[in-house]
Amino acid sequence: MATLLLTTILLPAIFALAMPWLGRRLGPATGWVALLAPVAVCVSLIGMLLNRPEEGAPIMIEWIPALGINVSLLPDGLGLFYALVVSGVGVAVVAYAASYLDGHARDHGPFYAYLLLFMSAMLGTVLSGNLMLLFVSWELTGLVSFLLIGFLHEKKKSAYGARMALLTTGLTGLSLLVGCIMLGQIFGAYELAVILEAPVPAEKTADLAWAFGFCLVGILGKSAQFPFFYWLPNAMAAPTPVSAYLHSATMVKLGVFLTARLLPCFNGLAEWTPVLLGFGFGTMVLGAFLAVRAHDLKALLAYTTVSQLGLLIGYYGLFAAGVPVQWDYVHILNHVFYKAGLFMVVGIIDHSTGGRDLRQLGGLGRLMPWTAAAAGVGLAAMAGLPLTTGFLSKELLLKTAFDFQATSPVWGAWVLGAVVFAAILKVTIAWRFFRFAFLGSASPSVTAHWHAPSFALQAAPVGLAAATLGFGIAAGSFGRIGDLFAITGVHAAPATLYMWHGVTRELLVSVGIVALGMALYALLNRRGWSGVPVPRWLAFDAGFERGVEGIPAFGRLTIRATQADRPLHFQPVVLGVTLVLTLGWCVYEQEALRNVLTGLLLLPSEAYGWHRYFVVLMAAGALVALLRARGWVTQLLALSVLGFLVSFYFVLAKAPDLALTQILVETASLLLVLMLIMRLRKAGQRDRPANESVGSKGIRLILAVLAGAGAAGGLLVFQVPTVAPRLGDLLLENSLTGAKGANAVNTTLIDFRGMDTMFEILVLLVATLGCLGLLMRKQADRPPRPCPAPESADAREVTPVGDSFILTTVVSGLFFVINIFALYLFFRGHNAPGGGFIAGLCTAISFVMLGFVQGIERLHRLLRVEPVRLAVVGLLLAAATGTLPLVFGDAFLQHYHPYLKNVPLLGDVYIGTPVFFDLGVYLVVVGITLKIVFPLVKSIYGFRAFLLDEERAYAAPDEEPVEPTAAPVRPESSGGNLR
Amino acid sequence: MNLTVLPVLLPMLTGLIALLWSRPTAGRRTAIVASTLGQLGVALFLGALSYAQGPLVLPVGGWGTTLGIVLVVDLLSAIMLALSSFTALACVLYACAEKPAAAEHPLQLPLTQFLVVGVNLAFVTGDMFNLFVAFEVMLVTSYALLTLESDNRNVRHAWSYLGLNLVGSALFLLGCGYAYGLFGTLNFAEMALQADALAGDPRLVLLALVFLVVFGLKAGVFPFYYWLPESYPILPGPVAAFFSGMLTKVGVYVLLRVFGTVFPPSLPLVYELLAWGAGLTMVFGVLGAVAQSRVQHILSYHIVSQIGFMVLAIGFHTPLAFTAAILYIIHHIVVKSSLFLVGGTVRHVFGTDRLDATGGLWRVAPWLGVAFLIQAMSLAGLPPLSGFWGKYLILVEGVGEERWVLLAAAIVASILTLVSMLKIWLACFWAPAPEGGMPASRPGTRRMTSVVVGMTAVSLVIGLGVNFFYGVADRAARQVLDRPSYIEAVTGRPAPGAETILSLR
Amino acid sequence: MSVQLDMAIVVGLMTGAAVYLILQKNFVRILFGFILLSNAVNLALLAVAGDPSGKTAPVLGDAVGRPMVDPLPQALILTAIVIGFGVTAYLVFLFYRMFVDHDTADLEELTAEDEKGGKP
């Protein structure tokens, strides 16, 4: 049973996968292959129905057991009933579609694929025994119906209708999801078997009401009930077979199905009856009212569907009020028969006259008698005339209404009134449909496009009409369907149904209804059916579209409101929020924080040393100069003064390595800044006071002050050491013994935290690559210029500092001195201030100086080695020393400290791996500094930043230098800025 | 456990050697692809190992776990590693499909490898300052990639990205200093120990707030996300895909790590800030997305909105919520980066991704359409696609905790996500082809599409085989939240006193 | 156990000034701001090492046994300085490039092009 049922559900989906492929080969004939799927499903379901195990336990395949979500099936009466409806109507619809989508149509494959996928999703929904599985397939039906509604997506109408349907059902679906989650938390399981059986814990009844509310939204959305009724008429943009299948017989009934499914669980809720009666019968009246005003046949049918669905949902509302609801299947089947048939009829009309506006139709009765007959029966059922299932349905409904009215007068009156009113309107609608479409003389617009429908096309509606009629006459057997699918707890003891049940008040009322209906027809017909189809205050769909179309504008508003499109405001916003958060907390906790500091502040004193406060004053002065001074060069000077103050602080803090590094790096980076400034000045840019409003200036000032306060305050509280010993002390202890180095800072960099250093130099390399990437670029608006031929070496020569003989010799001499010093720094690094980075900077600066006086190209030729490659090799060296230990099974970056014993002259020579690691650092620093400085200089001086082969290594073929290689700047004119 | 260094070492060596190669050739490409495959293998192996035995610890340099830097790979780290290698692989393949080797920018693939280095280092390191270095590698590389192929029009958009991230880096460095001042150590495990000792000290919360800002900025939480939608669209397709997949998720990962493992679970203020910030992020992000009219812009804003969901889960701060966050990350990275690749393909076909200049793809490129539809619906959280499950768990948690307002925000965000995805779908796929008909399908489109389809298949597997991924995410979440075990695994000393919320359940 | 007030003041002043500069529109000033900011942060890290008075540099050679300053923050600062150098270099190049491409050294004029819909 389990596997059979599962395969039955999945069969259409499996067929669907083959459809696109088949469609390309068979074209219109694809449908006949697709027909196999629903037929097979039908057969197997009937088989299951005939030998159904009594109260078979739900079948389960674990999916996410931890969350109680499983693929479990519940083939009880309700499930099988709906499954049979889905597959049975499926047969009719696919057969119909096979002849409806003839040669004119495109994409047969995808169409049937969607249709069959939808079928599987429906079967999954109605047969699932787990609430979450039900929800999953429920949503899948929505997605597939989106594709089906938008099948003719080149038409805006279809696309928008599809979007409206998906969004509405999607939104309500989310509400349903919340409802399901709440049910799961109330009952501790998603298994319907549990939810439907288990009693509701007393303390959870309030939650149950909420859960009902959330589920109800989902139900109303899927079944197009008020206030969500608007999407169904717009979904009529779908091809007619789709409308017949999804929008009358199956998908829109899911809401009704879920109501019945959850009925035992919500039974006993005080809200159940009034809410369902209100929404259900209210929508019934509303739908009928709108249907009367519709001219488009499909819209007309859509509104009657809305009305009928309202009836069905309201009908379940009566349950809690003690009225047996055992005729639900009769009402449902009746609607399935006649409404699906009528949709197909409309499809035929559309297909053979090219129009479906009642005002342009007429005289079709003679042109297509079979269709006319089918339509007649269907409309009779809609109007509830005898001999049709519609008659039975209406009579039963009236009876129920009367019984209910006897028990509860107020609600009963509402139900009775609603039913009667809707019935009257339906008579009017039905007659108008028939009269306008089939009687009278053929209108010119009909004769214009007329081509007769094939019989195959008419077969399905005729068949459905036959069913309507047959079951209408054989009322007894029709009534027994209810018993066949009865589920305990919902359906009362079996009762029999009679076509003729004597002259009862129901019958009399029915007569009255028909009379009034015809009278209303006559009245409206005289008034010429004037008036818009949907009054403004009910045109929810227009409102919905306006809403969806309006969201972007609202979004733009929020973007503007949050300043997310004003790059200039990003930093202020972020800084502001940060400061508010942190400083707010500080203010909130001020006592505690003050207590942290008490007695620890090193206030100015002899012991602590006045000179520190002197430095503070100097720093303040330099800052004022930096902020107030005009002219970039002046500010640059102030900045360098600050830099040196910082290095002075490093000296105070007993950090020689830092002091050295700080000075060197400061020099290098200020050199770069200076070059930028030169370029700007060359273009006539000057440091002019920004013309800005007082407000923005004020904000800036406030932020600056707060940031300063924050940094200072944070520093105060976080300076207080909380734990001892700290990591640094341990490092000191282990530096000599463990890392074989006296300079704890260097050992920390190379040994303890070698990982940091390794990636820090990677950052340097990457930054360099980024810089180089900036020097070449595409032009957005035009293809790249052909690359001009390389200039001669002299033309390309750049000597930023004019070639005075003395300077050249001095620098050349310095070059060697510096590099010997660098070598010295490098080798003492592990035991005394120094090390690879500092040494590398020294060497690099020496090269830069040399390049400036001797000419960059000349230096290039002298060096011969591409600096970036130098850096890469350096990194590889460092990485290699780090990887070496892996060979010996030691940890990554572990260092060894071997000595070359008694080398001549030198004695024992230390050749530990730290040296090679440090060498790697050295090479990287040299390489990247050269590669950063020289191309920038060249580019700024209006030369090509790269040699041609370099260009191929650092830029895409379609890129060109940023600087138009113009006439080179005269060295003396620019050199002045450097001196 | 030297294996833990490979996810960092391999891409670095690959990038360096590719640089020595200098000219892009088919050989260089194959080498990089092969290495990326290897990285993926390593990551998966690490995942299996950490799933079985909990955190894998490597004291770098053999300095024990106190003196030196420690690399720690627990299940969460392994998951993130696998995701980053997977995304990198997809992006490299896509880049190879997009252009012939001759037309490729010689620095693009090496820099992408270095970006992977930074990202992976952030995942494996167990040391705060080393994390800072990892962030710097990541950031500087992303700066370089951002401007590498920018033209003379859009280079300025790099500033929004830099301006904020430079401030963030400075703040992070300051935070490291503060942390060392407070804890006297930088090692996550030791910090966790000290943090327990410091319970109730206002400085603990202050530090937490600083890190909240730093990592919130990286993750793109409201109002710190501004840098993202401004800058991502200027990236070339494959790079954008990797950025969108991984960079912000590094921030989310660190949030999980820092507020799950390092700090004690007693910072209600921080969690509230996270939750409400996340709510705003979801809504503002998706509203921004709906307002856009180009594919890559819409998708960029979506990253923000999705981040909101993950951070919301972190804000709920329960084991189930952490599971949800991790499950969501797994889904998001795959789906998001493949969507960006779809956007890149749209650009490739039409020469632009402006919605009003595109159309007709549903007929011309049905496979691309199927892939986009599945991924978009997954992003919108349609069951049973991968995006649904994380969202579902978050809703469960929200209902359980009765956080109705945030729940409403999540629902609004989901439906608006659907709206904006439909915007792309209607314009690019359903709308009739633009005037002048379809541009002749550019070479490479087919192969690019196949990459996207492959990623879609993966996300389908995540959605349908969710049981497995849920199990993994659940264990990962428990490993993150189980502070005592983490501390013991790293320091080797049992820490029974360490607080954890696992005991609460 | 002591807290250096002067360090806090200097860091505060420098940070404030840096922020003030960063929030301006002119490339060069912004550049100055970021250089200043990294210096300030480095100082802050240094301050966390504690009061150096009475201690010697963390170079063990001759001075084993005497109290020494904490070497770790110094190492961190070294790393930070190096990274800062790389970033500064990149910033200089970026500003240079943005100037060449858009012929302005003012962020306001630069971003103003967005209002004209010059998005990528």
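All values reported here derive from a predicted model rather than from experimental measurement.

Peer 1: In this structure, what is going on with the interface of chain C and chain A? I would like to understand it.
Peer 2: How big an interface is tends to be expressed through the accessible area that disappears when the partners come together. With 86 residues of chain C at the interface, the matching set in chain A holds 107 residues. For the pair chain C and chain A, the summed buried surface comes to about 8,800 Å²; carbon and sulfur atoms form 76% of the total. Of all residues in chain C, the largest losses of buried area upon contact with chain A belong to Phe85, Phe93 and Tyr96 of chain C, amounting jointly to 10% of the total for that side. Taken together, the connections running from chain C to chain A amount to 4 salt bridges. One salt bridge connects Arg612 of chain A with Asp6 of chain C, and the closest N-O pair in it is separated by 2.7 Å. At the surface where chain C touches chain A, the tally comes to 17 residue pairs in polar contact (both at pLDDT 80 or more). Only strand S1 (3-4), helix H1 (5-22), helix H2 (27-48), helix H3 (71-102) and helix H4 (107-115) of chain C provide two or more residues apiece to the side of chain C that touches chain A. A per-element tally of the side of chain C that touches chain A places H3 of chain C first, with 25 residues. Partitioning the side of chain C that touches chain A into residue classes produces 56 nonpolar, 17 polar and 13 charged. As paired strands, strand S3 (residues 601-602) of chain A and S1 of chain C are joined by 2 bridges and run parallel to one another. Along S1 of chain C, the bridge assignment pairs Leu602 of chain A with Gln4 of chain C.

Peer 1: I would appreciate a short explanation of the packing of helix H28 (residues 632-652) of chain A against helix H29 (residues 656-682) of chain A in the present structure.
Peer 2: A packed helix pair is summarised by two numbers, namely the angle formed by the two axes and the spacing between the axes. Residue and element names in this part refer to chain A. One way to put it is that H28 packs onto H29 with a least axis distance of 9 Å and a crossing angle of 170°. On the basis of the axis angle, H28 is roughly antiparallel to H29. In contact with Trp632, Val633, Leu636, Leu639, Ser640, Gly643, Phe644, Val646, Ser647, Phe650 and Val651 of H28, H29 contributes Leu658, Ala659, Gln662, Ile663, Glu666, Leu670, Val673, Leu674, Ile677, Leu680 and Arg681. For the contact of H28 with H29, a count of residues per class yields 16 nonpolar, 4 polar and 2 charged.

Peer 1: How do you make sense of the confidence of the model for chain C when you look at a structure like this?
Peer 2: Do not read the predicted coordinates in detail wherever pLDDT is low. Considering every residue of chain C, the mean pLDDT works out to 88; 90% of them sit at 70 or more. Confidence drops under pLDDT 50 across residues 116-120 of chain C; counting only partners more than four residues distant or on other chains, this segment forms 13 contacts.

Peer 1: What should I look at first to understand the state of the cysteines in this one?
Peer 2: Where two cysteines share a covalent bond between their sulfur atoms, that bond is called a disulfide. By the definition in use, this model includes 0 disulfides over all chains. Unpaired in terms of disulfides, Cys180 of chain A finds its nearest cysteine sulfur in Cys215 of chain A, a separation of 5.2 Å. Residue classification places Cys180 of chain A among the buried residues on the basis of a relative accessible area of 2%. The thiol of Cys96 of chain B is unpaired, and the distance to the nearest cysteine sulfur, on Cys91 of chain B, comes to 11 Å. The exposure class assigned to Cys96 of chain B is buried, which follows from its relative accessible area of 16%.

Peer 1: Just to check I follow, could you spell out the interface of chain A and chain B for this structure?
Peer 2: Taken residue by residue, the interface counts 123 residues in chain A and 123 residues in chain B. Taken together, both faces of the contact between chain A and chain B bury some 10,800 Å²; the carbon and sulfur share is 76%. At the junction of chain A and chain B, the tally comes to 3 salt bridges. Salt-bridge contacts for Arg363 of chain B lead to Asp107 of chain A; the nearest nitrogen and oxygen are separated by 2.6 Å. Counting across the interface, chain A meets chain B through 28 residue pairs in polar contact (both at pLDDT 80 or more). Partitioning the side of chain A that touches chain B into residue classes produces 80 nonpolar, 22 polar and 21 charged.

What counts, and at which threshold
Residues numbered from 1 in each chain as written. Chains lettered and ligands numbered in written order. Predicted model: local features only at pLDDT ≥ 70, side-chain atom pairs only at ≥ 80, totals over all residues. Heavy atoms only, no water. Contact = heavy atoms within 4.5 Å. Buried area = accessible area lost by both parts, 1.4 Å probe. Salt bridge = Lys/Arg side-chain N within 4 Å of Asp/Glu carboxyl O. Polar contact = N/O pair within 3.5 Å; in protein donor to acceptor, adjacent residues only side chain to side chain. Helix = DSSP H or I, 4+ residues; strand = E, 2+ residues; numbered from the N terminus. Nonpolar A, V, L, I, M, F, W, Y, C, P; charged D, E, K, R; others polar. Pairing = 2+ DSSP bridges. Axes fitted to C-alpha atoms, helices over the stretch in contact; angles between N-to-C directions. Parallel < 35°, antiparallel > 145°, perpendicular 65-115°, else oblique. pLDDT = per-residue confidence, 0-100. Disulfide = S-S within 2.5 Å. Buried < 20%, exposed > 50% of the residue type's maximum accessible area, 1.4 Å probe, protein only.

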